[in-house]
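Take a look at the letters that make up each chain.
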Amino acid sequence: MNKKSIRISICLILILILSLSLSGISFASRGGNVDTGSKQISAPNVENFEPSSETTKMTSPRQVPSNVDIISNQITVSNEENAKPASETTKMTSQKVDSLNAANPMSLSRPTKGTNLPYDGAFSGVNTEIFSNYYFFTNGSTQLYVDWNVKADYTANVLWHINVYQAGTNKFVMRSDQFSTDSNTGWWTTRFYNLDPAYNYYISFVNDRPQIGSPISCDFTVRLK
């Protein structure tokens, strides 16, 4: 090989080396991985911040919704629609006249007809459960009032209570407290509330001593208020 050929070969090798070097630089600039030998390229140090907070006083107080009760720093949202039916009974301050109104007697079978309120009823000689002869149009009301005067037909202390049912479905809704003919004398009012306004209702009086010989009698009025 002559000197000229050697020089040409050396030039070609240098051009090849230069070309490879330029290709590596271009690849690295495009985000490729470059092996730098034993030297490691470390990510830039990012300062680690500790979690923190700040609190400022509001310039205008927030309004608490009317259906939110704040008790002992706990917020309880009241939902009257989901409240369970309940009852309360109070002694009437003005006494009504006993009539034993036979126009609206009670029945041993469940009612199939409705009537508007108020409704005056009466029964006597009841040893078991007896139903109102009609169910009551509540017109969307969620409560019923029952004024009653229950007596034992004979000298005895008889325990009894009132049941409330949905008209149509005959579903049991609730019962009142248990009353005594000795303790609950005269006229009383039992209010049933938190009822579902989508239904009409009827009531029954239940003798809790159903054995023969302890019957009860009653005058009553059912009203909306």
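Our structure's up above, just so we're on the same page.
Draft legend 1. Highlighting the side chain of Ser-204. Position of Ser-204 relative to the elements: it lies in strand S14 (residues 201-207). At 2.6 Å, the side chain of Ser-204 forms a polar contact with the side chain of Glu-129. Among all residues touching Ser-204, those that are not within four sequence positions of it are Glu-129, Ile-130, Phe-131, His-161, Ile-162, Asn-163 and Tyr-165.

Draft legend 2. Inspection of the sheet that holds strand S6 (residues 119-126) at higher detail. Spatially, S3-S13-S9-S15-S6 is the arrangement adopted by the five strands of the open sheet, whose pairing is antiparallel. The two strands at the open ends of the sheet, each matched to only one other strand, are strand S3 (86-91) and S6. Recorded for the sheet is a direction-independent mean angle of 20 degrees between the axes of neighbouring strands. Two elements, S3 and strand S13 (residues 188-193), share six bridges in a ladder whose sense is antiparallel. Bridge pairing links Ser-87 to Phe-192 in S13.

Draft legend 3. Broad picture of the pairing of strand S10 (residues 159-166). Summarising burial for S10: seven of the eight residues are buried, a large majority. Two elements, S10 and strand S12 (residues 179-180), share two bridges in a ladder whose sense is antiparallel. Within S12, the residue paired with Leu-159 across the bridge is Ser-180. What sits between S10 and strand S11 (residues 172-175) in their antiparallel hairpin is a turn of five residues, with Gly-168 showing a positive phi close to 90 degrees.

Criteria and thresholds
- Residues numbered from 1 in each chain as written.
- Predicted model: local features only at pLDDT ≥ 70, side-chain atom pairs only at ≥ 80, totals over all residues.
- Heavy atoms only, no water.
- Helix = DSSP H or I, 4+ residues; strand = E, 2+ residues; numbered from the N terminus.
- Polar contact = N/O pair within 3.5 Å; in protein donor to acceptor, adjacent residues only side chain to side chain.
- Contact = heavy atoms within 4.5 Å.
- Pairing = 2+ DSSP bridges.
- Axes fitted to C-alpha atoms, helices over the stretch in contact; angles between N-to-C directions.
- Buried < 20%, exposed > 50% of the residue type's maximum accessible area, 1.4 Å probe, protein only.

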